[in-house]
Amino acid sequence: MRNVDIKMLKQVQHDGPLDRITIMDFSYTETQDMIRETLSRFLADTYDFDSRNKMIASASGRDAGIWKALAQDLGMLGASFSEEHGGLGGGHLENALIMEELGKVIAIEPYLQTVVLGGGALKAVGGAIADAVIPEIIGGNVIIAFAYAEPQGRYNLANIRTTAKKDGAGYVLNGHKGVVYAAPWATHLLVTARTGGSGSEPNGVSLFLIDANTAGIVRRDYPTVDGFQASEVYFENVAIPGDALLGDEGAGLPLIERIVDEATVAVCAEACGVTAKLHSGTLEYARQRNQFGQPISRFQVLQHRMVDMFMEVEQSKSMTTMATLKLDLPAAERMAAVSACKAKVSRAAKFVGQSAIQTHGGIGITQELAIGHFFKRATMIESQFGSADHHYARFERLTLAD
Amino acid sequence: MQLEFSPEELAFQQEVRTFIAENYPENLRSVQDEGHDLSKEDFLSWHRILAKKGWIAPAWPVEYGGTGWTATQRFIWSEELAAADCVGTMPFGLSMVGPVIYTFGTPEQKAQFLPGILSGDDWWCQGYSEPGAGSDLASLRTKAVRDGDHYVVNGQKTWTTMAQHADWGFFLVRTDSDAKAQEGISFLLINMKTPGVTVRPIITLGGEHEVNEVWLEDVRVPVANRIYEENKGWTCAKFLLAHERTGIAAVARSKRGVEKIKSIARTEQDGDRPLIANPFFKRKIAELEIDLTALEFTELRSLAGEAAGKGPGPESSLLKIKGSEIQQRITELALEAVGHYGAPYFRGFGEGDNEHPIGPDYAHRAAPTYFNTRKTTIYGGSNEIQRNIIAKMVLGI
Ligand SMILES: Cc1cc2nc3c(=O)[nH]c(=O)nc-3n(C[C@H](O)[C@H](O)[C@H](O)COP(=O)(O)OP(=O)(O)OC[C@H]3O[C@@H](n4cnc5c(N)ncnc54)[C@H](O)[C@@H]3O)c2cc1C
Ligand SMILES: Cc1cc2nc3c(=O)[nH]c(=O)nc-3n(C[C@H](O)[C@H](O)[C@H](O)COP(=O)(O)OP(=O)(O)OC[C@H]3O[C@@H](n4cnc5c(N)ncnc54)[C@H](O)[C@@H]3O)c2cc1C
């Protein structure tokens, strides 16, 4: 399990008019193949449609044993962390392939929030806090929720009203974060807040990792339409220690943008799994559903629609690979790549989801088949970390100046 | 996984870039820049330079005149050709009949035909389609009847690209009318100067003379010019179609096309701002560019699969569909970008017409190119046929 070999991305410099990069190696290492196979086998056993429905309907809305098993039996939560922290030495590619497998069963595990976002921030800042918390993530003892969105802020990461006022050695938090996925399960909250500035100003934004049980944190919990649990989180004079600050005070925005980009690509990887299942489930259904004396898969108009779904799934995989490999490029290039990816994948998720339901006919709009539940997750993915429109606009700002 | 060239590959890139810069014919460049139609000699001038260098057929096996380049080197080569806006080489010899001949031909046939394909001395055309046999190619009716050492061929082919220049054509003909559609077909090489061969122009929407009708009346073709066995021509045809599809994504050329649109959109004014600042137009460019990136990485994944011994599978139909749609969208946006000056039409333009055309240079061919490019979703297996192929071969329905 030790020879994880992920080459750093180097951009080939060109003096020509075109930005030309090529991939000459698309293969996965043995370790990566093993991660995928192990996880896929485990999820096939634990995440069938009925089990998933049961865990969602339970009091906590999840099966905590699965997270423990992912950590302790499979070692899966360490895949993207360094060996010094007790991980397997992987990174973005490992996150992507784990998210894709989770997508194939529409898992409701807080991997994105805990490992990709929380872990990503900790890896980026390093130091004592990373040494303390990362091993706990790997061990399955820590669940992190990312409290960043605010009712007025839409997809603008800098539009923050939550404040963190300096108070002696620590800070005092006040504000409201909306739709914080996994917050009801979290041991920690990763919080964006203003230590200075106002509105959408880039300066003055800071990132904190705090204990979720700190006095003054008030939650209103609820289920989400795609099977997760989330909360409205209110900070009412929450006193937090100074070492909860990740990175430099007031200069957290680039770090936040980076981890959100990493999470955006991870969600695209999840979408690859979700849409692949929407497509294969639709094919399977169309083969066995008879109307007009034949399987409806014989009708060319449906065949061509299913081909279009296939092409969207394949292109989503291509874009996700592209963006995963570009996550360590300088910020502007990374952002353009991530936005290109998310814009394409958002539209694919919409098209594939809607087509799957349409091809199923009436049964598609019921809760009875898994297909509808995949559709719901695909629909939420469309706008998670920014809709297609948001990402087209960001791509344009970065690449299509006058 | 990695996204990088090795130092050797970077050196190779530099080498081909320098070669192109130093050897691309200057008069050809000006013909292209002014938007004239290319003559046979224009095409051949660049072909001959590449042939002399030994770089005319990178995809061929070395023993037949290939370069022995790796897939990466071939990729770099095609990117550099597109970036330098070089004219393409004609595919009919190099990408189509050449591979059929070295794969299925006799030693004599290889010796007779391959050198002329490489040197450019023989110009080839493809005689498959007929008025009654388009997508359903196997319904073709052109007939070849054995008469001693010859076949006597009668029938009509159509859409034959550049047949007006051709020395040779490769034809699918029916040699057994009683067999099932695909089984009675043979693959014949016909000298276009043979008595009974008549080529008539068909003028396409941009005003170009690009395609032709080819009439065959009692054309005597030596049996020695049949490739592979009698009635087994469909095997060659299928093999050739697979070859025809590689490179069909045309990513490098489309990237160049997108760059051209951006530069037009920065020049054209839309009220008091450049067109590229118009949010609707800008969004269309962004969509195009992102879709092209998706195509590029899908092609790279497919190439990587091929290098690992997997492909080129029927998923190459995906590359054909998306590649052709993108080519069309590029011409569509270019025409939209030039505004009023899409309208002026130059009849006989390119045949000694010295008057400077009206409007900016980049507008001259915007409309004709848009019209002409509607072909990309029709030929090479229409996009509907490609969807049928994916449905059957990939999805199994
Ligand atoms: C919300 C809702 C309320 C309803 N209320 C009623 C009601 O009150 N009373 C009642 O009797 N019915 C009702 N229906 C049933 C409705 O009329 C059927 O759902 C509809 O006729 C489609 O049939 P199906 O769902 O079996 O899909 P199928 O017929 O199985 O179709 C599945 C897919 O195949 C496609 N397809 C089928 N045949 C062809 C073909 N020949 N060519 C191309 N594509 C084809 C369809 O367009 C669809 O995309 C309701 C349905 C819904 C969803
Ligand atoms: C510019 C140009 C150059 C060409 N060059 C050559 C050449 O050099 N040599 C040569 O041999 N041929 C050449 N062709 C011919 C080309 O291969 C044919 O045009 C193509 O095979 C389509 O045939 P068709 O035009 O008869 O259309 P048809 O087959 O009549 O198709 C008409 C429409 O019906 C659709 N259709 C047909 N069958 C189906 C089906 N089963 N399911 C769903 N939809 C279907 C098609 O997609 C199309 O939209 C050229 C064509 C063009 C336009």
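Note that the structure is predicted; figures quoted are calculated from it, not measured.

1. Re the side chain of A:His391
All names here are of chain A.
Consideration 1: Looking at where His391 falls in the secondary structure, it is placed in helix α11 (residues 388–399).
Consideration 2: Judged by relative accessible area, which is 3%, His391 ranks as buried.
Consideration 3: Separated by 2.9 Å, the side chains of His391 and Ser339 make a polar contact.
Consideration 4: Discounting residues that sit within four places of it in the chain, His391 has contacts with Thr264, Ser339, Lys342, Ala343, Phe385 and Gly386.

2. A few points about the interface of chain B and chain A
Consideration 1: Contact residues are listed per partner, giving 52 residues for chain B and 55 residues for chain A.
Consideration 2: For the pairing of chain B and chain A, the buried interface totals around 5100 Å² over both sides, and the portion due to carbon and sulfur atoms is 64%.
Consideration 3: Linking chain B with chain A are six salt bridges.
Consideration 4: Between A:Glu314 and B:Arg301 there is a salt bridge; the shortest N-O distance is 2.9 Å.
Consideration 5: Sorting the residues of the side of chain B that touches chain A by element identifies α1 (7–23), α4 (71–83), α8 (251–267), α9 (279–307), α10 (316–338) and α12 (383–394) of chain B as the ones contributing at least two each.
Consideration 6: Counting residues per element, the side of chain B that touches chain A draws most heavily on α9(B), which supplies 17 residues.
Consideration 7: Looking at side-chain class alone, the side of chain B that touches chain A contains 24 nonpolar, seven polar and 21 charged residues.

3. Details of the site of ligand 2
Consideration 1: Taken together, 19 residues are adjacent to ligand 2, and B:Ser135, B:Trp159, B:Thr161, B:Ser382 and B:Glu384 come closest.
Consideration 2: The environment around ligand 2 is built from residues contributed by chains A and B.
Consideration 3: Residue A:Gln300 places a side-chain N or O atom 2.9 Å away from a nitrogen atom belonging to ligand 2.
Consideration 4: Taking B:Tyr128, its main chain carries an N or O atom lying 3.0 Å from an oxygen atom of ligand 2.
Consideration 5: Here ligand 2 loses 66% of its free accessible area of 980 Å² to cover by the protein chains.
Consideration 6: Secondary-structure elements contributing two or more residues to the shell around ligand 2 are β7 (209–222) and α12 of chain B.
Consideration 7: When residues of the shell around ligand 2 are assigned to their parent elements, the largest contribution, three residues, is made by α12(B).

4. Looking at the confidence of the model for chain B
Consideration 1: Across chain B, pLDDT averages 92, with 95% of residues at or above 70.
Consideration 2: We note a pTM of 0.94 for the whole complex and an ipTM of 0.92 for its interfaces.

5. Comments concerning the packing of aromatic side chains
Residue and element names in this part refer to chain B.
Consideration 1: Overall, the coordinates contain 24 aromatic pairs over all chains when judged by the stated rule.
Consideration 2: A ring pair is formed by Trp55 and Trp69, whose centres lie 5.3 Å apart and whose planes are at 65 degrees; its orientation type is edge-to-face. Taken together, the positions of Trp55 in the loop between α3 (40–53) and α4 and Trp69 in the loop between α3 and α4 put the pair 14 residues apart, joining distant regions of the chain.
Consideration 3: Residue classification places Trp55 among the buried positions, given a relative accessible area of 9%.

6. A few points about the site of ligand 1
Residues and elements named next belong to chain A.
Consideration 1: In the vicinity of ligand 1, the contacting residues are Arg289, Gln291, Phe292, Ile296, Phe299, Val301, Leu302, Gln358, Thr359, Gly361, Gly362 and Ile365.
Consideration 2: The contact in question runs from an oxygen atom of ligand 1 to an N or O atom on the side chain of Arg289, over 2.6 Å.
Consideration 3: Interatomic distance of 2.6 Å between a backbone N/O atom of Gln358 and an oxygen atom of ligand 1.
Consideration 4: Listing elements by their share of the shell around ligand 1, those giving two or more residues are α8 (300–325) and α9 (331–360).
Consideration 5: Grouping the constituent residues of the shell around ligand 1 by class yields six nonpolar, five polar and one charged.

7. Here we look at the packing of α10(B) against α12(B)
The angle between the axes and the distance between the axes are what describe a pair of packed helices.
Residue and element names in this part refer to chain B.
Consideration 1: Where α10 contacts α12, the two axes come as close as 9 Å, and the packing angle between them is 155 degrees. When the interaxial angle is binned, α10 and α12 end up roughly antiparallel. As for the relative orientation of α10 and α12, their crossing is left-handed in sense. Mapping the contact onto sequence places Ser317, Leu318, Lys320, Ile321, Ser324 and Glu325 in α10 and Asn383, Gln386, Arg387, Ile389 and Ile390 in α12.
Consideration 2: Residue composition of the contact of α10 with α12, grouped by class: four nonpolar, four polar and three charged.

8. Remarks on the domain arrangement of chain A
Residues and elements named next belong to chain A.
Consideration 1: Along its sequence, chain A is carved into domain 1 (18–141), domain 2 (146–251) and domain 3 (254–399).
Consideration 2: In this structure, domain 1 and domain 3 have C-alpha centres spaced 20 Å apart.
Consideration 3: Each partner contributes to the interface: domain 1 provides 22 residues, whereas domain 3 provides 30 residues.
Consideration 4: In total, about 2100 Å² of surface goes out of reach between domain 1 and domain 3, with carbon and sulfur atoms giving 77% of it.

9. Some details on the domain arrangement of chain B
Consideration 1: We note that the domain assignment places domain 1 (7–89), domain 2 (122–231) and domain 3 (246–347 + 356–393) within chain B.
Consideration 2: Relative to domain 2 of chain B, the C-alpha centre of domain 1 of chain B lies at a distance of 30 Å.

10. Some details on empty space enclosed by the protein
Consideration 1: Under the defined criterion, the tally for this structure stands at five cavities of 30 Å³ or more.
Consideration 2: A volume near 120 Å³ is recorded for the largest cavity.
Consideration 3: What lines the largest cavity is a set of 13 residues, among which B:His47, B:Met90, B:Asp122, B:Trp123 and B:Trp124 lie closest to the centre.
Consideration 4: Of all the secondary structure elements, the ones that give two or more residues to the lining of the largest cavity are α3 and α5 (91–104) of chain B.
Consideration 5: Across the lining of the largest cavity, the residue classes break down as eight nonpolar, four polar and one charged.
Consideration 6: Here the lining of the largest cavity spans two domains, and each of domain 1 (7–89) and domain 2 (122–231) of chain B adds at least three residues to it.
Consideration 7: If you add up the space inside the second largest cavity, you get close to 100 Å³.
Consideration 8: Forming the walls of the second largest cavity are A:Met99, A:Leu102, A:Ala107, A:Glu109, A:Tyr111, A:Leu112, A:Gln113, A:Tyr181, A:Phe228, A:Glu270, A:Arg377 and A:Gln384.
Consideration 9: Here the lining of the second largest cavity takes three residues from helix α5 (residues 111–125) of chain A, the largest share from any one element.
Consideration 10: No fewer than three residues from each of domain 1 (18–141) and domain 3 (254–399) of chain A sit in the lining of the second largest cavity.

What counts, and at which threshold
- Within any chain, residue numbers begin from 1 and follow the written order of that chain's sequence.
- Chains and ligands are labelled sequentially in the order written, the chains with letters from A and the ligands with numbers from 1.
- In view of the model being predicted, local features appear only for residues whose pLDDT reaches at least 70, and side-chain atom pairs are presented and counted only at 80 or more, with totals across whole chains, interfaces and linings using the full set of residues.
- No hydrogens and no water enter the side-chain calculation; it runs on all heavy atoms of the structure.
- The secondary structure listing takes helices from DSSP runs of H or I that are at least 4 residues long and strands from runs of E that are at least 2 residues long, numbered from the N terminus.
- In this scheme, a residue with accessible area under 20% of its type's maximum is buried, one over 50% is exposed, and one in between is partly exposed, where area comes from a 1.4 Å probe on protein chains only.
- In the analysis that follows, any N or O atom pair within 3.5 Å is treated as a polar contact, provided that within protein one partner can donate a hydrogen and the other can accept it, and provided that, for residues neighboring in sequence, both atoms belong to side chains.
- The contact criterion used is simple: two residues touch if any of their non-hydrogen atoms lie within 4.5 Å.
- Each of two parts loses accessible area, computed with a 1.4 Å probe, when they are put together; buried area is these two losses added.
- Salt bridges are defined by distance alone: a side-chain nitrogen of Lys or Arg within 4 Å of a carboxyl oxygen of Asp or Glu.
- Ten residue types, Ala, Val, Leu, Ile, Met, Phe, Trp, Tyr, Cys and Pro, are classed as nonpolar, four, Asp, Glu, Lys and Arg, as charged, and the remainder, Gly among them, as polar.
- Proximity is defined per residue: if any heavy atom of the residue lies within 4 Å of a molecule or strand, that residue is considered near it.
- To measure how exposed things are, a 1.4 Å probe is used in the Shrake-Rupley method; for residues, cover is taken only from the protein chains shown.
- Think of pLDDT as the predictor's per-residue confidence, scored from 0 to 100.
- Aromatic rings from Phe, Tyr and Trp, taking only the six-membered ring of Trp, are treated as a pair when their centres fall within 6.5 Å; an angle between ring planes under 30 degrees marks them as stacked, one over 60 as edge-to-face, and anything in between as tilted.
- Between N-to-C directions, angles span 0 to 180 degrees; the directions come from axes that are lines fitted to C-alpha atoms, helices contributing only their stretch in contact.
- Roughly parallel refers to an angle under 35 degrees, roughly antiparallel to one over 145, roughly perpendicular to one between 65 and 115, and oblique to any angle outside these ranges.
- Take the far helix as the reference: if the near one is turned anticlockwise from it by less than a right angle, the crossing is left-handed, and if turned clockwise, right-handed.
- Domain delimitation in this document rests on an assignment produced automatically or drawn from a domain database.
- With a 1 Å grid spanning the protein atoms alone, the term cavity applies to any set of points in which a 1.4 Å probe fits but cannot get out, the term pocket to an open set with protein on both sides within 12 Å along at least five of seven lines, and the term lining residue to any residue with an atom within 4 Å of a point.
- Grid points are joined across faces, edges and corners, and a volume is the space filled by probe spheres set on the points.

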